Amino acid sequence: FEPTLYKRAQLLEHVEELSHSKGHSNNRLGVLLGNAGCDQTKTLTHVLWSLLNSIPAQTTQRPHRHNSVALDLCVSAKPGVYTLMGREIDTQGLIIDPIRCDWAPGGVFVTPPGWWHSHHNESEEVAWVLPMQDAGLYTYQRTLDIRFVDD
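This is a predicted model, so every value here is computed, not measured.

> How would you summarise the packing of aromatic side chains if you had to cite specific residues and measurements?
In total, this model carries one aromatic pair according to the counting rule given. Above the ring of Y82, the side-chain terminus of R100 is found at 3.7 Å from the ring centroid.

Structure, rendered in structure tokens:
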């Protein structure tokens, strides 16, 4: 594959378009960063996956899990933005005994493979996160097994 440049203005424009589209989900409001050389998996490389994801103000992205490990970079967030993660969920879809990771711009947290996690924005501004995952390989092998608590 060849190097690919993702320009900030274009990424934000795509997210803005999505936010006004019918049927968009608050569980995923972002732009998948793909590389033309990886059109089958729609990933950055054969191994890496990334999504510039926004979390609107006063919004919760319900728990989900996947087999890939995630390294999440907080691009921007005000106090009151955090991620909860844990190994199990209860019958109401809430994470049991969660670990709380408060976001700070430039901060990074790791979500272990298979752990349930939810993102929370209790602030009055949009928060942005850039997760990097080894999901390319899982996607190719069809073993990513991403699950959303509400599905």
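> With reference to specific residues and values, describe the sheet that holds strand 4 (residues 70-76).
Each strand in a sheet pairs with its neighbour through backbone hydrogen bonds, running either in the same direction (parallel) or in the opposite one (antiparallel). One open sheet holds the five strands; their spatial order is 1-2-9-4-7, and the pairing between them is antiparallel. The strands lining the two open edges of the sheet, one partner per strand, are strand 1 (29-32) and strand 7 (108-111). In this sheet, adjacent strand axes meet at a mean angle of 25° when their direction is disregarded. Inspection of the sheet shows strand 1 paired to strand 2 (residues 49-55) by four bridges, in the antiparallel sense. Opposite L32, over in strand 2, you have L51 as the bridge partner.

> Could you give me a rundown of the sheet that holds strand 10 (residues 147-148), with the residues and numbers involved?
Spatial strand order, 6-5-8-3-10: five strands in an open sheet with antiparallel pairing. Whereas interior strands pair on both sides, the edge strands pair on one side only; in this sheet they are strand 6 (99-102) and strand 10. Pairing analysis gives two bridges linking strand 3 (residues 59-65) to strand 10, with the strands arranged antiparallel. Of the residues in strand 10, the one forming a bridge with R65 is R147.

Definitions and cut-offs
- Residues numbered from 1 in each chain as written.
- Predicted model: local features only at pLDDT ≥ 70, side-chain atom pairs only at ≥ 80, totals over all residues.
- Heavy atoms only, no water.
- Phe/Tyr/Trp six-rings, centres within 6.5 Å; stacked < 30°, edge-to-face > 60°.
- Lys NZ or Arg CZ within 6 Å of the ring centre and 35° of its normal.
- Pairing = 2+ DSSP bridges.
- Helix = DSSP H or I, 4+ residues; strand = E, 2+ residues; numbered from the N terminus.
- Axes fitted to C-alpha atoms, helices over the stretch in contact; angles between N-to-C directions.

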